Amino acid sequence: MANIYELRRYGKIAFLVSAACVVALFLYFSDGLIHDLSVQERQRMEIWADATKEIVAATMADNGMGANIDFELSIIQRNTNIPVLLTDEEGNILDSRNFDLPGGEGDSRNSDFLAERLKELSSGSNVIDIETSPGVFQHLYYEDSTLLKRLTLFPYIQLLVMLAFIAVVYFAVLSTKKAEQNKVWVGLSKETAHQLGTPISSLMAWMEYLRDEGVDSDMIDEMNKDVMRLSTIASRFSKIGSTPKMEPADLNNLCAQAVAYMSTRISPKINLSCREAETCLGVEACAPLLEWVIENLIKNSVDAMEGSGSIALVLGRSGANAYIEVTDTGKGISRKNYKNVFNPGFTTKKRGWGLGLTLAKRIVEEYHNGRIFVKSSTPGIGTTFKIELPLTSGACIE
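Read on for a plain summary of the structure. The numbering scheme is per chain: residues are counted from 1 as the chain's sequence reads. Per-residue local features of the predicted model are confined to residues with pLDDT of at least 70, and side-chain atom pairs are confined, for both listing and counting, to 80 or more; whole-chain, interface and lining totals are unaffected and use all residues. Based on all heavy atoms of the structure, the side-chain values leave hydrogens and waters out of the count.

With respect to the sheet that holds strand β2 (residues 93–97)
DSSP calls a pair of strands paired once it identifies at least 2 bridges connecting them. Numbered from the N terminus, helices here are DSSP runs of H or I no shorter than four residues, and strands are runs of E no shorter than two. The four strands are arranged β2-β1-β4-β3 in an open sheet whose pairing can be described as antiparallel. Looking along the sheet, the strands with just one partner apiece sit at the ends: β2 and β3 (127–133). Recorded for the sheet is a direction-independent mean angle of 20° between the axes of neighbouring strands. Where strand β1 (residues 84–87) lies against β2, four bridges are found, and the strand directions are antiparallel. Following the sheet pairing, L85 is matched in β2 by S96. For helices, the fitted axis covers only the stretch in contact; all axes are lines through C-alpha atoms, and the angles between them, taken along N-to-C directions, range from 0 to 180 degrees.

Spelled out as structure tokens, the structure:
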């Protein structure tokens, strides 16, 4: 089952890499289009500069009054979308076109505005030097057209829209998948509780019969403990999928009860210990379900060890939370599987469905508003699981 999650992880990586390549390709072609348009605009400005040079040359010639400069003037007049500034060598503005001026004609604010725009354009590369006569230059500064500016922003706007669409689809699929999983777990839990109900009732009746037949009472009492345990397990399964009743409880007591039960049902070569907090750890809890989580972590720790080792439960408080740390000396978990261990169906054991930690996570996080996670793990040395639950004061009032 672990291989399935490795394939899923590699599939996600492949998807992200493919998406990144598509985005890079899209931006590459968009950048090429923007570059081509920018080159075309510069070529238009160079033609504009040549026309200006011809007009100045014709005006300065002896026969300038009779020169035909209509064509050159038409070139200049056709530029209606690229803002341009024409200056002399000293930086005095000779002409300006296509700027959105702040005031009407003759407004003093216009000159300040154009001076500021000239200052900004002087630091850029959009400038063409015009040699009107030997050693005499004028300078043509121009901005990108509105179309080019919009086209420059368009790929990023489209990219944001694409990412937002992908995110919405992803979370919609994720929510649908989670809802379907919840239905499966709830149905499985309810059916398990229902199926256990009949044989448990039958076993209770048989114990009463054996008691009437004079069978040793100590033996009957031990059998009754196991039957009652089965009844508790069935009750736990029945609570999955419904809103459990939450009551104030001391986390120290819940852990102590779970450890007391498990200590008689694991190998004597495994040392199971519980170090309770020095003060009461009051939490709102459904005691049967929370005990189930603790027992499940202990069982997993037992399975992770080859018949011997130690399991230590440590309880305490951190800020507004109470915590339980379950540390074992088992085979450990690789870092890449820290989150996978809580996925349904994930298991490294030869037996089992891989649902224990999935249900534990649901109980802790959805019912108790807490957190459960792998705090640390070293392959070959051991693992520490940590549960955090919000503290309340109700269970600690004497």
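Some words on the packing of aromatic side chains
Here the aromatic set is Phe, Tyr and Trp, taking the six-membered ring for Trp, and pairing holds for ring centres within 6.5 Å; pairs whose planes are under 30 degrees apart are stacked, those over 60 apart are edge-to-face, and all others are tilted. Applying the stated criterion across every chain yields a total of three aromatic pairs. Arranged with centres 5.5 Å apart and planes meeting at 75°, the rings of Y28 and F29 form a pair that is edge-to-face. The burial state of Y28 is the same as that of F29; both residues are exposed. Relative to F385, the ring of F342 has its centre 6.2 Å away and its plane inclined at 85°; by these criteria the two rings are edge-to-face. Placement of the pair is F342 in the loop between β9 (321–328) and α8 (356–367) and F385 in strand β11 (residues 382–390), with a sequence separation of 43 residues. Buried residues are those whose accessible area, probed at 1.4 Å on protein chains only, stays under 20% of the maximum for their type, while exposed residues exceed 50% and partly exposed ones sit between those limits. On the basis of relative accessible area, F342 is assigned to the buried category, the value being 8%. A positively charged side chain is recorded as over a ring if its NZ (Lys) or CZ (Arg) lies within 6 Å of the ring centre. The angle to the ring normal must also be within 35 degrees. The ring of F342 carries K361 above its face, with NZ or CZ at 5.1 Å from the centroid.

Overview of the pairing of β9
Of all eight residues in β9, six are buried, a share of seventy percent or more. Pairing between strand β8 (residues 309–318) and β9: eight bridges, direction antiparallel. What sits directly across from S318, in β9, is N321. The turn linking β8 back onto β9 is made up of two residues, and G319 within it adopts a positive phi angle of 65°. Relative to β11, β9 is paired through eight bridges, and the arrangement is antiparallel. Looking at the pairing, D328 lines up with T383 of β11.

Structural measurements only, silent on function.
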